[in-house]
Amino acid sequence: MNKIYYCLVGFVCLGSWTANAQLKSDRKNNTLYTAGHAGAFIGGLYDAFAPYNKLMKHGDFGLGAPDKLDGELLILHGKIYQTQSNGKTFEIPDTGSTPFSVVNFFHADKVLKASVPMDKMQFYAYLDSVMPNQNGIYAIRIKGVFNSIKTRAFPPVTNKPYAPLAQLLSLQQFFNFSHISGDLVGYRIPAYMEGPNITGYHFHFLSDDKKGGGHIIDLLTGNVTIEIDELDSFTVDIPQTKEFNSFDFKKDRREEVRQVENGKSN
């Protein structure tokens, strides 16, 4: 009888442990992972420190920047794409590293379709209406046809100390696309995460033929499908570097972030 009792207890405990392990795994997969610090990156810390292969252990979806700001990064379906300042877009191996990226394992909680053309501000207002939790962390994928999209990419930097990103706006290159199919990969990050992350909306683009991309500056939607994944936690992996240790975090960079996100200084 005791043997049967112990077996039953062991089975229940094992079942409980398995359920808890699965719950922890699910929670981990519902986490926004940030490699780097947005404020420090905007302030000029462009040297990579986080290996791509480590980044990909934390997500199959996301965006970021390559080493020394050589363009823009987008992660979709576990593949990494880079758009350089010359407009060239291509898949890259996971052998490099990044100074700043955000990723998660994407699982849509909500899927919507929108066919009415909307400009960027109208579209963001629409997204706000379907994501009512103002303090929620949302990963967002928009797939379909866009009437127009304007993107940008920064060139690589060479001379240290690097200038803050807002001072490099004159060097960014813009790319315009019309009636193009592709994906927007991005996030809406709440205000309480400001500093380590870029709050508000932040999207990068990848065309269906994987030949065009970049950071979204402006858009006009067409017939699109919107997939939304609400996350429940976040992790920040800060650089263990001399430059990060001596970086001045007392400066308010919110205006710089706004300028960089919009691609203009006014």
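Before reading further, recall that the structure is shown in the block above.
Residues numbered from 1 in each chain as written. Predicted model: local features only at pLDDT ≥ 70, side-chain atom pairs only at ≥ 80, totals over all residues. Heavy atoms only, no water.

Further remarks concern the sheet that holds strand β5 (residues 79-83). Backbone hydrogen bonds are what pair the strands of a sheet, in a parallel or an antiparallel way. Pairing in this open sheet of seven strands is mixed, and the strands run β6-β5-β4-β3-β8-β1-β14 from one edge to the other. Two strands lie at the open edges of the sheet, namely β6 (89-92) and β14 (233-237), each paired on one side alone. On average, adjacent strands in this sheet sit at an angle of 20° to one another, irrespective of strand direction. One ladder, built from five bridges, connects strand β3 (residues 61-65) with strand β8 (residues 100-104); its direction is antiparallel. For Leu63, the partnering residue across the bridge sits in β8 and is Val102. (Pairing = 2+ DSSP bridges. Helix = DSSP H or I, 4+ residues; strand = E, 2+ residues; numbered from the N terminus. Axes fitted to C-alpha atoms, helices over the stretch in contact; angles between N-to-C directions.)

Another aspect to go through is the pattern of salt bridges. Using the criterion set out here, one finds 16 salt bridges in the structure. Here Lys54 and Asp237 are joined by a salt bridge, their closest N and O atoms 2.9 Å apart. Residue Lys54 is located in helix α3 (residues 52-55), and its partner Asp237 is located in strand β14; the two are separated by 183 residues in the primary sequence. The residue Arg254 makes a salt bridge to Asp252 at a minimum N-O spacing of 2.6 Å. When its relative accessible area of 46% is taken as the criterion, Asp252 is described as partly exposed. Ionic contacts of the salt-bridge type, sharing partners, join the residues Asp47, Asp67, Lys68, Lys160 and Glu243 into one network. (Salt bridge = Lys/Arg side-chain N within 4 Å of Asp/Glu carboxyl O. Buried < 20%, exposed > 50% of the residue type's maximum accessible area, 1.4 Å probe, protein only.)

Across the eight residues of strand β12 (residues 200-207), seven count as buried, placing the element largely inside the fold. Relative to β12, strand β11 (residues 173-189) runs antiparallel, the two sharing eight bridges. By the bridge assignment for β12, Ile189 is matched with Gly200. Bridge count for β12 against strand β13 (residues 213-231) is three bridges, and the pairing is antiparallel. In the strand pairing of β13, Leu206 is matched with Gly213.

Time to look at the nonpolar core. Note that soluble globular proteins tend to have their nonpolar side chains buried in a common cluster. Counting 32 residues, the largest nonpolar core has Leu32, Phe41, Tyr46, Leu69, Leu165 and Tyr187 as its most contacted members. If you list the elements that add at least two residues to this core, you get α2 (38-42), β3, β4 (72-76), β8, β10 (137-153) and β11. Dropping the residues within four chain positions of it, Phe41 is found in contact with Tyr46, Ala65, Leu69, Pro99, Phe100 and Leu165. Ranked by size, the runner-up nonpolar core spans 25 residues in total, among them Met131, Ile149, Phe177 and Ile226. (Core = buried A, V, L, I, M, F, W, Y, C linked by side-chain atoms within 4.5 Å. Contact = heavy atoms within 4.5 Å.)

Okay, the layout of surface pockets next. The calculated volume of the largest pocket comes to roughly 540 Å³. In terms of lining residues, the largest pocket is bounded by 28 residues, among which Ile198, Thr199, Val257, Arg258 and Glu261 are the most central. Sorting the residues of the lining of the largest pocket by element identifies α2, α4 (120-130), β12, β13 and α6 (254-262) as the ones contributing at least two each. Of the residues forming the lining of the largest pocket, the biggest block, five residues, is contributed by α6. (1 Å grid on protein atoms, 1.4 Å probe; cavity = no way out; pocket = protein on both sides within 12 Å on 5 of 7 lines; lining within 4 Å. Points joined across faces, edges and corners; volume = space filled by probe spheres on them.)

Lys120, Phe123, Tyr124, Leu127 and Val130 are the residues of α4 that are buried. When α4 is viewed along its axis, its buried side chains cluster within an angular range of 120° and face the same direction. The outward face of α4, more than 90 degrees from its buried face, is lined by the exposed residues Met121 and Ser129. On its buried side, α4 packs onto β9 (110-114), β10, β12, β13 and α6. (Arc of directions from axis to C-beta.)

Where burial is concerned, most of β4 is hidden: five out of the five residues are buried. Across the two faces of β4 the burial is the same, with Glu72, Leu74 and Leu76 and Leu73 and Ile75 all buried. The pairing of β3 with β4 spans three bridges and is classified as antiparallel. In the sheet register, Gly64 faces β4, and the bridge partner there is Leu73. Linking two consecutive strands that pair antiparallel, namely β3 and β4, is a turn of six residues; a positive phi of about 55° is found at Lys68 within it. In this structure, β4 lies alongside β5, joined through five bridges in antiparallel fashion.

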